[in-house]
Amino acid sequence: SGGRNNVLATLYGNIAMVTLFLTNGHHAVLRALRDSYESLPIGAGHVDGSLPAATIALLGMVFGFGARLAAPLVVVIVVAELAMGLIARSAPALNLMAVGAPIRIITGLILLGLIAPSTIAVLAGMGGTALQLGVRAAEAFR
């Protein structure tokens, strides 16, 4: 795509794509696309006033999903930062500036390895909700 992406964003994108295919979500997306053209042909219909509410609900679900995925990593990294800060304050002879980055990386990767299996369950659980919210947003175009 030419855009800059970090390794974790690529990993989560690939996990989401594999989960979509394993749960036959791609079939549901194609059915929803077909049904949208059957219920609202091109050039017909109008936009209902419920579109902003449906869009807000859909974006809220996406934000909540992102917060669920990021919260454990953020909490553990903050605790690691606090621990390194206390160690640096109590033992100033230790050079934590040189060792701090690898400690953060190792801590994050270990936690990511522990959290990755549950990511698939969270993705699969959110699929039905996302489709329902998408249907609500599509119904606003009648």
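Residues numbered from 1 in each chain as written. Predicted model: local features only at pLDDT ≥ 70, side-chain atom pairs only at ≥ 80, totals over all residues. Heavy atoms only, no water.

Draft legend 1. Highlighting the overall build of the protein chain. Scanning the protein chain for helices and strands turns up 4 helices and 0 strands. Its helices and strands in sequence order give the protein chain the pattern α-α-α-α, from N to C terminus. By its C-alpha atoms, the protein chain is 75 × 30 × 30 Å across when sized along the principal axes. Considering only contacts within the protein chain whose residues lie at least 6 apart along the sequence, 86% involve residues at least 24 apart. Summed over its atoms, the accessible surface of the protein chain is roughly 10,000 Å², and 72% of this surface lies on carbon and sulfur atoms. (Helix = DSSP H or I, 4+ residues; strand = E, 2+ residues; numbered from the N terminus. Contact = heavy atoms within 4.5 Å. Areas by Shrake-Rupley, 256 points an atom, 1.4 Å probe, with all protein chains shown as cover.)

Draft legend 2. Here's a closer look at the nonpolar core. In this structure, Ile 15, Met 61, Phe 65, Leu 69, Leu 123, Met 126 and Leu 133 together form the largest nonpolar core, which totals 7 residues. Ranked by size, the runner-up nonpolar core spans 5 residues in total, among them Tyr 12, Leu 73, Leu 111 and Ile 115. (Core = buried A, V, L, I, M, F, W, Y, C linked by side-chain atoms within 4.5 Å. Buried < 20%, exposed > 50% of the residue type's maximum accessible area, 1.4 Å probe, protein only.)

Draft legend 3. Structural context of unusual backbone geometry. Within the chain, Asn 24 stands out as a residue other than glycine whose phi angle is a positive 55 degrees. Here Asn 24 lies in the loop between helix H1 (7-22) and helix H2 (25-39). Judged by relative accessible area, Asn 24 falls into the partly exposed class, the value being 43%.

Draft legend 4. Region of interest: a nonpolar patch on the surface. Where nonpolar side chains cluster on the molecular surface, the patch consists of Met 17, Leu 20, Phe 21 and Val 29 and spans about 350 Å² of accessible area. Considering each element in turn, the nonpolar patch owes the most residues, 3 residues, to H1. If you trace the backbone, Met 17 turns up in helix H1. (Patch = residues over 30% accessible without salt bridge, like charges linked within 9 Å, V, L, I, M, F, W, Y side chains within 5 Å. Salt bridge = Lys/Arg side-chain N within 4 Å of Asp/Glu carboxyl O.)

Draft legend 5. Layout of the packing of H1 against helix H4 (residues 96-139). Relative orientation of the contacting elements H1 and H4 amounts to 40 degrees, with a least axis distance of 10 Å. It follows from the interaxial angle that H1 and H4 lie oblique. The crossing of H1 and H4 is right-handed. Where H1 abuts H4, its residues Leu 8, Leu 11, Tyr 12, Ile 15, Ala 16 and Thr 19 lie against Leu 112, Thr 119, Ile 120, Leu 123 and Ala 124. Class assignment of the residues belonging to the contact of H1 with H4 gives a composition of 9 nonpolar, 2 polar and no charged. (Axes fitted to C-alpha atoms, helices over the stretch in contact; angles between N-to-C directions. Parallel < 35°, antiparallel > 145°, perpendicular 65-115°, else oblique. Left-handed = near helix turned anticlockwise from the far one by under 90°. Nonpolar A, V, L, I, M, F, W, Y, C, P; charged D, E, K, R; others polar.)

Draft legend 6. Local environment of H1. Compared with an ideal rise of 1.5 Å per residue, which puts 16 residues at 22 Å, H1 spans 22 Å between its outermost C-alpha atoms and is within 8% of the ideal. Of all the residues in H1, the buried ones are Tyr 12, Ile 15 and Thr 19. Looking straight down H1, one finds its buried side chains confined to an arc of 60 degrees; they lie on one side. Residue Asn 6 occupies the N-cap position of H1, its side-chain oxygen lying 2.8 Å from the main-chain nitrogen of Ala 9. Positive backbone phi, at 55 degrees, marks Asn 24, one or two positions downstream of H1. (Expected span 1.5 Å × (residues − 1). Arc of directions from axis to C-beta. Polar contact = N/O pair within 3.5 Å; in protein donor to acceptor, adjacent residues only side chain to side chain.)

Draft legend 7. View of the pattern of salt bridges. Considering all chains together, one arrives at 3 salt bridges under this definition. One salt bridge connects Glu 38 with Arg 34, and the closest N-O pair in it is separated by 3.8 Å. With Glu 38 and Arg 34 both in helix H2, this residue pair falls 4 residues apart, about one helical turn. For Arg 34, a relative accessible area of 45% puts it in the partly exposed group.

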